[in-house]
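Understanding the architecture of this molecule
Listed here are the chains, written in short residue letters.
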Amino acid sequence: MTAKVSYADVEVGTEIPAQTYAVDRADLVMYAGASGDFNPIHWRERVAKAVGLPDVIAHGMYTMAQGGRFVTDWVGDPGAVVDYGVRFSAPVVVPDEGGATLVISGKVEEKLDGGRVVVALTARSDEQKVLTRAKAVVQLA
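Residues numbered from 1 in each chain as written. Predicted model: local features only at pLDDT ≥ 70, side-chain atom pairs only at ≥ 80, totals over all residues. Heavy atoms only, no water.

1. Section: the nonpolar core
Looking at soluble globular proteins, one finds that nonpolar side chains tend to be buried together. Ranked by internal contacts, the top residues of the largest apolar core, which has 34 residues, are W74, L102, V138 and L140. It is helix α3 (residues 60–75) that contributes the most residues to this core, 6 residues altogether. Setting aside chain neighbours within four positions, we find L140 in contact with A3, V5, S6, Y7, V10, W74, V75, G115 and V117. (Core = buried A, V, L, I, M, F, W, Y, C linked by side-chain atoms within 4.5 Å. Buried < 20%, exposed > 50% of the residue type's maximum accessible area, 1.4 Å probe, protein only. Helix = DSSP H or I, 4+ residues; strand = E, 2+ residues; numbered from the N terminus. Contact = heavy atoms within 4.5 Å.)

2. Digging into the UniProt feature "domain: MaoC-like" (unreviewed entry) in the protein
According to UniProt, the "domain: MaoC-like" (unreviewed entry) feature falls on residues 13–111. Helix makes up 33% of residues 13–111 and strand 29%, with an end-to-end C-alpha separation of 10 Å. (UniProt positions renumbered as here; feature names shortened; annotations may be inferred.)

3. Focus: the packing of aromatic side chains
What describes a pair of aromatic rings is the distance from one ring centre to the other and the angle between the planes of the rings. Within this structure, the stated rule accounts for 1 aromatic pair. Ring geometry for Y31 and Y62: centres 5.5 Å apart, planes at 80°, overall edge-to-face. Placement of the pair is Y31 in helix α1 (residues 25–35) and Y62 in helix α3, with a sequence separation of 31 residues. Lying across the ring of Y7, K111 places its NZ or CZ 4.2 Å from the centre. (Phe/Tyr/Trp six-rings, centres within 6.5 Å; stacked < 30°, edge-to-face > 60°. Lys NZ or Arg CZ within 6 Å of the ring centre and 35° of its normal.)

4. A look at a nonpolar patch on the surface
A grouping of V29, F38 and W43 is seen on the molecular surface, where their side chains present a nonpolar patch of about 300 Å² in accessible area. Topologically, V29 is positioned in helix α1. (Patch = residues over 30% accessible without salt bridge, like charges linked within 9 Å, V, L, I, M, F, W, Y side chains within 5 Å. Areas by Shrake-Rupley, 256 points an atom, 1.4 Å probe, with all protein chains shown as cover. Salt bridge = Lys/Arg side-chain N within 4 Å of Asp/Glu carboxyl O.)

5. Describing α3
Given a rise of 1.5 Å per residue, 16 residues ought to cover 22 Å, and the 23 Å separating the end C-alpha atoms of α3 matches this to within 8%. If you check which residues of α3 are buried, you get Y62, T63, M64, Q66, G67, G68, F70, V71, T72, W74 and V75. Its buried side turned inward, α3 meets β1 (15–23), α1, β2 (81–88), β3 (100–111), β4 (116–125) and β5 (128–139). Immediately beyond the C-terminal end of α3, within one or two residues, lies G76, with a positive phi of roughly 90°. (Expected span 1.5 Å × (residues − 1).)

Below you can see the structure in the form of structure tokens.
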């Protein structure tokens, strides 16, 4: 695959429209199975509250993966992401009824040599920033 976004078509400040991702407990159980992280704070409310959390929380790496999904959906090629990192600033709280939503947006922060760009991401759940310093370096066409 090759990136569907052209280096010539983006400038510093180009905004990537926000996407909303629904997160429910079934997503967390499936992620636990795929990742091998069966910590009960991610699926059992009683345990999450017993350790001081407001409710079940999404895996940090699940949240990070949704940011990666956002970038790869935008560029059109998962192989175009050459570097990606985040810091976790708050958990995504996933109530049993209604689940949670994760809203991710992005902006081209820098154009690098060789057709690469730095994309800064913003990820929020329940109006709270859940990822900080979230950036991806993407190889464009």
